[in-house]
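Per-entry structural report
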Amino acid sequence: MNLPELAGLSLSEIAALAQERRLPPLDQWTPAHSGESHMTIQADGAWLHEGSPITRPAMVRAFATLLMRDAQGQHWLVTPHERLAIAVDDAALVAVDMEVRHDPASGQAVLAFRLNTDDIVLCGPEHPLRVAGTADVPAFYVAVRHGIEARLNRSTYGQLIAHALAISPPEDLAVESRGARFALVPAA
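One numbering rule holds for all chains: residues counted from 1, following each sequence as written. Given that this is a predicted model, residues contribute local features only at a pLDDT of at least 70 and side-chain atom pairs are listed and counted only at 80 or more, while totals for whole chains, interfaces and linings are drawn from all residues. Side-chain measures were taken over the full set of non-hydrogen atoms in the model, leaving aside hydrogen atoms and water.

1. Considering the layout of surface pockets
Space left empty within the atom packing is revealed by a probe, the size of a water molecule, rolled over the atoms. The cut-off we apply is this: Definitions used throughout: a 1 Å grid over protein atoms alone; a cavity as a set of points that fits a 1.4 Å probe which cannot get out; a pocket as an open set with protein on both sides within 12 Å along at least five of seven lines; a lining residue as one with an atom within 4 Å of a point. Grid points are joined across faces, edges and corners, and a volume is the space filled by probe spheres set on the points. The helix and strand labels rest on DSSP assignments: H or I over at least four residues marks a helix, E over at least two residues marks a strand, and numbering proceeds from the N terminus. Each residue receives one of three labels: charged for Asp, Glu, Lys and Arg, nonpolar for Ala, Val, Leu, Ile, Met, Phe, Trp, Tyr, Cys and Pro, and polar for the others, Gly being one of them.
Approximately 280 Å³ is the volume attributed to the second largest pocket. Lining the second largest pocket, in full, are Ala43, Asp44, Val94, Val137, Pro138, Ala139, Phe140, Arg151, Leu152, Asn153, Arg154 and Tyr157. Elements with a minimum of two residues in the lining of the second largest pocket: strand E11 (138–145), strand E12 (148–152) and helix H3 (154–167). When residues of the lining of the second largest pocket are assigned to their parent elements, the largest contribution, 3 residues, is made by E11. Across the lining of the second largest pocket, the residue classes break down as 8 nonpolar, 1 polar and 3 charged.

Set out below in structure tokens:
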């Protein structure tokens, strides 16, 4: 499935794409068996099984719909019958594009992120931005679902900073999306 470029879509089209993805009800499942998946998600978003790359994008997208992170930070692939631990080097997903739209009804800015799995995430109170790292080497993450996050890749980080500089002074670098404000400087 190849989605159209975010740049060519209206806010209503982006919101429709974000809503139409059918996701399994992981939070309703209580699998009886736990085990090890022998899978790793590398910091660059590459998925490996027993050290070999998973090269089929459709398979990665399918696995990503079954992914959750628990309160201790462990990532799991979950089905109704089992949950399998998966090693994640940084974030489970990668944000690969960003567009800014304005909601005509509220006038609010909306930051839309496309992920390496073709998911669309609309940043806001239910999908907040988080900044980590240092002021010299920051790392930006957007909450996706079930405790998992997507790290903004270098070009998406650049898009976010360019937008922030266009709307806020460098000493108070921040963005707003869906009524929530997100500071873009890591806490000291």
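Text resumes after the structure shown.
2. Considerations on the sheet that holds strand E5 (residues 75–78)
What counts here: By this definition, two strands are paired if DSSP reports at least two bridges between them.
Spatial strand order, E3-E2-E1-E6-E5-E4: 6 strands in an open sheet with mixed pairing. Looking at which strands have only one partner, the edges of the open sheet turn out to be strand E3 (52–53) and strand E4 (67–69). As paired elements, E5 and strand E6 (residues 82–88) share 4 bridges and run antiparallel to each other. Its bridge partner being in E6, Trp76 is matched across the sheet by Ala85.

3. Quick notes on the pattern of salt bridges
We apply this condition: Basic side-chain nitrogens of Lys or Arg form a salt bridge, by our definition, when they fall within 4 Å of a carboxyl oxygen of Asp or Glu. Remark: exposure states derive from per-residue accessible area (1.4 Å probe, protein chains only) relative to the maximum for the residue type, with buried under 20%, exposed over 50%, and partly exposed in between.
All told, the structure shown has 7 salt bridges when counted by the stated rule. The closest approach of N and O atoms between Arg181 and Asp172, which form a salt bridge, is 2.9 Å. Classification of Arg181 by relative accessible area gives partly exposed; the value is 46%. Judged by its relative accessible area of 39%, Asp172 is partly exposed. Several salt bridges converge on common partners, so that one network encompasses Arg69, Arg130 and Glu149.

4. Some remarks on the packing of aromatic side chains
What counts is decided by this rule: Any pair of Phe, Tyr and Trp rings, taking the six-membered ring for Trp, is counted once the centres come within 6.5 Å. Such a pair is stacked with planes under 30 degrees apart, edge-to-face with planes over 60 apart, and tilted for the rest. Placement of a charge over a ring requires the Lys NZ or Arg CZ to be within 6 Å of the ring centre, with the centre-to-atom vector within 35 degrees of the ring normal.
Under the defined criterion, the tally for this structure stands at 2 aromatic pairs. Judged by centre distance (6.2 Å) and plane angle (10°), the rings of Trp47 and Phe63 are stacked. One end of the pair, Trp47, is in strand E2 (residues 47–49); the other, Phe63, is in helix H2 (residues 57–65), with 16 residues separating them in the sequence. With a relative accessible area of 24%, Phe63 lands in the partly exposed category. The positively charged end of Arg83 is found above the aromatic ring belonging to Trp76, 3.7 Å away from the centroid.

5. Examining the pairing of E11
When you tally the buried positions in E11, you get 7 out of 8 residues, the bulk of the element. The sheet contact formed by strand E10 (residues 129–133) and E11 spans 5 bridges and is antiparallel. Among the inter-strand pairings, Val131 is bridged to a residue of E11, identified as Phe140. Counted between consecutive antiparallel strands, the loop separating E10 from E11 contains 4 residues. Note that E11 and E12 share 4 bridges and pair antiparallel. Residue pairing in the sheet places Tyr141 in a bridge with Arg151 of E12. Connecting E11 to the next strand, E12, in antiparallel fashion are 2 residues, including His146 with a positive phi near 50°.

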